[in-house]
Amino acid sequence: KCDIASITGIRARDFNLFSSSIEAIGGLKNAAQMKTVIETISRPEASKLMMQDDYEIVGVLPIGGAYLFLNDRAINSVEKIKGKKIAVLAHDLVQLRMAERLGFQPLAADINDFASKFNAGTSDLIAAPAIAYMPLELFKGVGNKGLVLNMPISQLSLQVVAHFHKFAPEFGQQSRTYFANLFDTLQKPIDAAEQEILYFFPAPDGEYENYQGLLREARLSMTEEGIYDKKMIALLKKVRCKDNTKRNECSDNKE
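First, a word on what this report is: a plain description of the structure on this page. For clarity, every value in this text was computed on a predicted model and none was experimentally measured.

Turning to the nonpolar core, a few remarks are in order. If you look at the biggest cluster of nonpolar residues, it comprises 50 residues, and the most contacted ones within it are Ile22, Val37 and Ile41. The set of elements that each furnish at least two residues to this core consists of helix 3 (31–41), strand 3 (55–70), helix 4 (78–81), strand 4 (85–89), helix 5 (93–102), strand 7 (147–163), helix 10 (208–224) and helix 11 (230–243). Counting residues in each nonpolar core, the second largest holds 19 residues, with Leu89, Ala128, Tyr133 and Val142 among its members.

As structure tokens, then:
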């Protein structure tokens, strides 16, 4: 019915595995890395990778990091987080697999009620971007005892998908370039939203690497399962390791 649509990276999996894998769990650590990847895949050299079947991804936009919102800050370690209920979008295989790999107890939800399940205490935690904090009133779920873990588990996106045969041949590349150039403008409200989070705490001492190890194990497993595109996973690693060559993962060939 539509020639072109703006959809979440989650939904983009149905149209392009490469571009949607930009959201791979633990794949990117910050907005600067996300900007680098969006600029890279928006270049003409990557144009063929942005086409799959009858569809073309003609733009990738940032939504910000996906953070864990917890209703109890006593859940302060990888071990304590296991077995906790997390509201996940039932239609998304990635979220279900993520919950399984990280040891969560998945609670089926949809975009209309995942926040209310957290706010009502039905789920112990959810993963969401900072821009959802005020509109979805997630501060109610966090309350005075919870926290938002200041460690993005992935970088989220909106992706513009088109029936490429309905547009001029040069449209896709021009559109990707246009959206890539909007990154800094689009990042401003994301940064502002993160400033509004009251209990925005880093991982406890010694737990950051434990969380990162858990995320990597889940990412490797889902890549092998074919849930993530290996070319994108390799690109994400290249960008991470350019930032920090001393990371242990930079000396192995697992991604």
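What the rule picks out here adds up to seven aromatic pairs. Aromatic pair Tyr133 and Phe139: ring centres 5.8 Å apart, planes at 70°, arrangement edge-to-face. Residue classification places Phe139 among the partly exposed positions, given a relative accessible area of 31%. An aromatic cluster is defined as three or more aromatic residues linked by ring pairs; in this entry it consists of Phe69, Tyr133 and Phe139. Geometry around Tyr199 places Arg73 over its ring, the cationic atom sitting 4.6 Å from the centre.

Quick look at unusual backbone geometry now. Positioned with a positive phi, Asp53 is a non-glycine residue whose angle comes to about 55°. With respect to the helices, strands and loops of the structure, Asp53 is situated in the loop between strand 2 (51–52) and strand 3. Non-glycine residue Glu137 carries a positive phi angle of around 55°. Tracing the chain through its elements places Glu137 in the loop between strand 6 (125–129) and helix 7 (139–142). Its relative accessible area of 33% is what places Glu137 among the partly exposed residues.

Okay, helix 9 (residues 183–195) next. For helix 9, built from 13 residues, the straight-helix expectation of 18 Å at 1.5 Å per residue is met to within 8% by its first-to-last C-alpha distance of 19 Å. Along helix 9, the residues classified as buried are Phe183, Gln187, Ile190, Ala193 and Glu194. Buried positions in helix 9, seen along its axis, are confined to an arc of 115° and lie on one side of it. Along helix 9, exposed side chains directed more than 90 degrees from the buried face belong to Lys188 and Gln195.

In this model, helix 10 (17 residues) spans 25 Å end to end at C-alpha, consistent with the 24 Å of a helix rising 1.5 Å per residue. Among the residues of helix 10, Tyr211, Gln212, Leu214, Leu215, Arg216, Ala218, Arg219, Met222 and Thr223 are the ones counted as buried. Contacts from the buried residues of helix 10 go to helix 4, helix 5, strand 7 and helix 11.

Here helix 5 crosses helix 10 at 130°, and the two axes come no closer than 10 Å. Classed by the angle they form, the pair helix 5 and helix 10 counts as oblique. Our pair here, helix 5 against helix 10, has a crossing hand that is right-handed. Seen from helix 5, the contacting residues are Val94, Arg97, Met98, Arg101 and Leu102; seen from helix 10, they are Leu214, Leu215, Ala218, Ser221 and Met222. When the residues that make up the contact of helix 5 with helix 10 are grouped by side-chain class, the tally is seven nonpolar, one polar and two charged.

All right, on to the environment of Ile81 then. Within the secondary structure layout, Ile81 lies in helix 4. On the basis of relative accessible area, Ile81 is assigned to the buried category, the value being 1%. Linking Ile81 and Leu220, residues 139 residues apart in sequence, is a C-alpha distance of 20 Å.

Applying the stated criterion across every chain yields a total of one disulfide. Paired by a disulfide, Cys241 and Cys250 hold their sulfur atoms 2.0 Å apart. Taking the sign of the torsion about the S-S bond as the criterion, the disulfide between Cys241 and Cys250, at about -95°, is left-handed. With a relative accessible area of 11%, Cys241 lands in the buried category. Classification of Cys250 as partly exposed rests on a relative accessible area of 25%.

Cut-offs and rules
Residues numbered from 1 in each chain as written. Predicted model: local features only at pLDDT ≥ 70, side-chain atom pairs only at ≥ 80, totals over all residues. Heavy atoms only, no water. Core = buried A, V, L, I, M, F, W, Y, C linked by side-chain atoms within 4.5 Å. Buried < 20%, exposed > 50% of the residue type's maximum accessible area, 1.4 Å probe, protein only. Helix = DSSP H or I, 4+ residues; strand = E, 2+ residues; numbered from the N terminus. Phe/Tyr/Trp six-rings, centres within 6.5 Å; stacked < 30°, edge-to-face > 60°. Lys NZ or Arg CZ within 6 Å of the ring centre and 35° of its normal. Expected span 1.5 Å × (residues − 1). Arc of directions from axis to C-beta. Contact = heavy atoms within 4.5 Å. Axes fitted to C-alpha atoms, helices over the stretch in contact; angles between N-to-C directions. Parallel < 35°, antiparallel > 145°, perpendicular 65-115°, else oblique. Left-handed = near helix turned anticlockwise from the far one by under 90°. Nonpolar A, V, L, I, M, F, W, Y, C, P; charged D, E, K, R; others polar. Disulfide = S-S within 2.5 Å.

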